[in-house]
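Results of the structural survey
Listed below, chain by chain, are the residues.
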Amino acid sequence: MAESFITTNRFFDNKNYPRGFSRHGDFTIKEAQLLERHGYAFNELDLGKREPQTEVEELFVAVCRGERQPVTIEEKVWTKYLARIRRPKRFHTLSGGKPQIDASDDYTDTDD
């Protein structure tokens, strides 16, 4: 049986993980290594740029399409990665709320 997720390219996400997957804290060392080693193939399969070569890759594509739940470590780590990059960014302000506007300054009575 042919090996799955073969690629010669390393996978990096400089936008969301500029210091690397292992240094950010979202992934275990094993998960980070798996993403770096096979993430390029995961991404191509997910986007449809690459046809599945093995049954394992076909099952992976089914997970990407939402047809089944992730079971293997590859499916779980890719699902986890996608969930992390698609979550909304938290926004923190220094003030406690919206600025207050005094309504009496904006209203002029012209009923003379």
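One structure accompanies this document, and this report is about it. As the structure is a computational prediction, the values presented were derived from the model and not from experiment.

A separate point is the overall build of the chain. A count of helices and strands for the chain gives 5 helices and 0 strands. What you see in the chain, going N to C, is helices and strands ordered as α-α-α-α-α. Looking at the chain as a whole, 29% of its 112 residues qualify as buried. Put simply, of all contacts in the chain between residues at least 6 apart along the chain, 61% involve residues at least 24 apart. Within the structure as shown, the chain displays about 8800 Å² of accessible surface, and the carbon and sulfur contribution to it stands at 48%.

Time to look at the packing of helix H2 (residues 29–47) against helix H3 (residues 55–64). Put simply, H2 and H3 touch, their axes get as near as 9 Å, and they point 65 degrees apart. Considering how the two elements wind past one another, H2 and H3 form a crossing that is right-handed. Here H2 contributes Phe42, Leu45 and Asp46 to the contact with H3, which in turn contributes Glu57, Phe60, Val61 and Cys64. Among the residues forming the contact of H2 with H3, the class breakdown is 5 nonpolar, no polar and 2 charged.

If you check helix H4 (residues 73–86), its first and last C-alpha atoms are 20 Å apart, about what 14 residues at 1.5 Å a residue would give, namely 20 Å. Within H4, the full set of buried residues consists of Glu74, Glu75, Val77, Trp78, Tyr81 and Leu82. If you follow the buried residues of H4, they end up packed against helix H1 (21–24), H2 and H3.

This paragraph deals with the pattern of salt bridges. Enumeration according to the criterion identifies 4 salt bridges in this entry. Ionic pairing is found between Arg84 and Asp26, a salt bridge with its closest N-O pair at 3.9 Å. Of this pair, Arg84 sits in helix H4 while Asp26 sits in the loop between H1 and H2, and the two are 58 residues apart along the sequence. Since its relative accessible area comes to 28%, Arg84 is described here as partly exposed. Under the relative-accessibility criterion, Asp26 is labelled buried at 14%.

Conventions adopted
Residues numbered from 1 in each chain as written. Predicted model: local features only at pLDDT ≥ 70, side-chain atom pairs only at ≥ 80, totals over all residues. Heavy atoms only, no water. Helix = DSSP H or I, 4+ residues; strand = E, 2+ residues; numbered from the N terminus. Buried < 20%, exposed > 50% of the residue type's maximum accessible area, 1.4 Å probe, protein only. Contact = heavy atoms within 4.5 Å. Areas by Shrake-Rupley, 256 points an atom, 1.4 Å probe, with all protein chains shown as cover. Axes fitted to C-alpha atoms, helices over the stretch in contact; angles between N-to-C directions. Left-handed = near helix turned anticlockwise from the far one by under 90°. Nonpolar A, V, L, I, M, F, W, Y, C, P; charged D, E, K, R; others polar. Expected span 1.5 Å × (residues − 1). Salt bridge = Lys/Arg side-chain N within 4 Å of Asp/Glu carboxyl O.

That is the geometry; function is a separate question.
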